[in-house]
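Here's the letter readout for the chains.
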Amino acid sequence: MNKSSTGRFFEDFTLDEVIRHGTPRTITAGDVSLYIALTGSRFVLHSAAPVAGAIGFEDTPVDDMLVFHIAFGKTVPDISLNAVANLGYAEVRFLAPVFVGDTLFVSSRVIGLKENSNGTTGIVYVRSSAYNQHGDKVLSWVRWVMVAKREASQPMEPAVVPTLSTMVSAEHLNVAPHTDFRRLGASLTGSDLTWQDYQVGEWIDHVDGVTVDEAEHVMATRLYQNTAQVHFNEHRMQNSRFGRRLVYGGHVMSLARALSHNGLANAVQILAMNGGSHMAPTFAGDTLYAASRVLDKWPIHGRDDCAALRLETVVRKNSPVHRNEHGAPLNSDTAPLVLTWDYTVLVPTRLDSMPIVSAWE
């Protein structure tokens with residue numbers, strides 16, 4: 001009997017089954033520091049304990065994307081070890097803050113199955129949830145992934161494709177209670193821009209670029225305990241159509257989020273992810289550039305200290321994504337687009353004029 005797992009193939013999934021993913025993960029201060037080292041993210045809420053405390057948090061919240069990646073990584077051995085492609089995300093909701101010392105437990109329910117016409121692959125839809133050690137749900141998301149079949153001749157049940165929302169609506173956005181984001185100041189965040197300063201339709205060029213290093217993208221994916229071999233096994237990938245390892249798409253998202261600080265420094269929390277597409281692969285040595293468009297903006301019920309911006313961030317490799325004031329591209333569109341990402345962020349409606357640390361000179 002083979003005691004090693006080769007992962008699930010398409011015909012191993014059953015509609016409505018619940019999969020409880022192994023190896024719960026306690027998040028440490030080391031995880032947080034390593035994430036900053038690998039991405040350069042510098043949003044103040046996840047960087048400075050006194051700032052988080054002054055806003056009303058019991059401790060410094062763990063970066064939203066780090067929480068997502070760790071939770072996502074739990075699902076890979078059971079869902080996507082034999083994936084051909086990760087096709088998309090929807091209805092990603094950040095439900096409660098996660099702190100150092102919290103342990104994440106993750107489970108998934110299969111909500112859709114559809115065999116592809118080629119008979120060799122199928123699409124698996126799952127709704128996954130992450131809980132802390134108290135049983136509080138802190139994160140939920142839907143994703144769909146193309147998975148190889150073990151046998152092309154295996155007959156399959158009729159397709160079931162779930163109906164998914166195109167965005168997380170305002171009434172389903174969660175903001176931590178007993179917090180006041182007006183206590184942030186421009187001297188703390190690095191920007192004096194508030195929610196009122198952003199207009200629907202405008203483009204923000206994040207200017208900076210970041211080159212993806214081989215060691216760093218592999219280390220980041222290991223940090224999330226994501227076991228997908230396409231990111232690690234150079235020997236195996238030499239015989240693929242790419243001829244080399246692929247950068248985990250989530251790492252590209254994290255780098256895009258870090259780049260977006262230049263222009264969106266006060267987008268201090270991600271509240272939801274509405275969708276996203278990995279348009280082309282990223283490899284070590286590629287340099288990524290990002291720009292964001294404001295898709296929509298709205299108040300958050302019961303809050304006058306903060307409001308929501310819905311953003312579309314696009315990432316190109318090896319060519320800046322400069323736009324003019326009308327949103328028209330200034331660079332050639334022949335530069336490969338590697339990511340389009342639709343997500344919703346929290347932005348203060350007003351900033352304090354006084355720093356939180358009174359002795360700050």
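Residues numbered from 1 in each chain as written. Predicted model: local features only at pLDDT ≥ 70, side-chain atom pairs only at ≥ 80, totals over all residues. Heavy atoms only, no water.

Asks: What am I meant to see in the pairing of strand S9 (residues 287-299) here?
Replies: A regular strand places its side chains so that they alternate between the two faces of the sheet. The sheet contact formed by strand S7 (residues 203-211) and S9 spans 6 bridges and is antiparallel. Bridge pairing in S9 links Ile204 to Ser292. Joining the antiparallel neighbours S9 and strand S10 (residues 306-317) is a turn of 6 residues, in which Gly302 adopts a positive phi near 80 degrees. (Pairing = 2+ DSSP bridges. Helix = DSSP H or I, 4+ residues; strand = E, 2+ residues; numbered from the N terminus.)

Asks: What is the right way to read unusual backbone geometry from this model?
Replies: Excluding glycine, residues mostly have negative phi values, and the peptide bonds linking residues are mostly trans. In this model, Asp16 sits at a positive phi of 75 degrees, which is unusual for a non-glycine residue. Counting through the fold element by element, Asp16 comes out in the segment before strand S1 (18-20). Given a relative accessible area of 49%, Asp16 falls into the partly exposed group. One non-glycine residue with positive phi stands out, namely Gln225, at about 55 degrees. Note on placement: Gln225 falls in the loop between helix H5 (214-223) and helix H6 (234-237). (Buried < 20%, exposed > 50% of the residue type's maximum accessible area, 1.4 Å probe, protein only.)

Asks: I would appreciate a short explanation of the nonpolar core in the present structure.
Replies: Considering soluble globular proteins, one finds that nonpolar side chains tend to be buried as a cluster. Judged by nonpolar contacts, the single largest core of 55 residues is most densely connected at Phe68, Leu139, Met273, Leu309 and Trp341. When residues no more than four places from it in sequence are discounted, the contact partners of Phe68 are Tyr89, Val92, Phe94, Leu139, Trp141 and Met273. Judged by nonpolar contacts, the second largest core, of 23 residues, contains Ala176, Val268, Trp298 and Leu351. (Core = buried A, V, L, I, M, F, W, Y, C linked by side-chain atoms within 4.5 Å. Contact = heavy atoms within 4.5 Å.)

Asks: So what exactly am I meant to see when it comes to the pattern of salt bridges here?
Replies: Should the charged atoms of two oppositely charged side chains come close, the side chains can pair. Under the counting rule described, the total for this entry stands at 13 salt bridges. Arg8 is paired through a salt bridge with Glu17; the nearest N and O atoms lie 2.8 Å apart. The exposure class of Arg8 is partly exposed, given its relative accessible area of 23%. Note that Lys149 is salt-bridged to Glu115, the shortest N-O span being 2.7 Å. (Salt bridge = Lys/Arg side-chain N within 4 Å of Asp/Glu carboxyl O.)

Asks: Quick question: what am I supposed to make of the side chain of Arg310 here?
Replies: Residue placement: Arg310 occurs in strand S10. Here Arg310 falls in the buried class, since its relative accessible area comes to 15%. At 2.5 Å, the side chain of Arg310 and the side chain of Asp342 are in polar contact. (Polar contact = N/O pair within 3.5 Å; in protein donor to acceptor, adjacent residues only side chain to side chain.)

Asks: In this structure, what is going on with the packing of aromatic side chains? I would like to understand it.
Replies: Each pair of aromatic rings is reported with the distance of its centres and the angle of its planes. Applying the stated criterion across every chain, the model contains 10 aromatic pairs. With 6.0 Å between their ring centres and 55 degrees between their planes, Phe242 and Phe283 make a pair best called tilted. In this pair, Phe242 sits in the loop between H6 and helix H7 (249-259) while Phe283 sits in the loop between strand S8 (269-278) and S9, placing the two residues 41 residues apart along the sequence. For Phe242, a relative accessible area of 28% translates into the label partly exposed. Overall, the relative accessible area of 12% leaves Phe283 in the buried class. Ring pairs connect the aromatic residues Phe68, Phe72, Tyr89, Trp141, Tyr224 and Tyr248, which therefore count as one cluster. The ring of Phe13 carries the charged tip of Arg8 above its face, separated from the ring centre by 5.2 Å. Above the plane of the ring of Phe43 lies Arg257, whose end atom (NZ or CZ) is 3.7 Å from the centre. (Phe/Tyr/Trp six-rings, centres within 6.5 Å; stacked < 30°, edge-to-face > 60°. Lys NZ or Arg CZ within 6 Å of the ring centre and 35° of its normal.)

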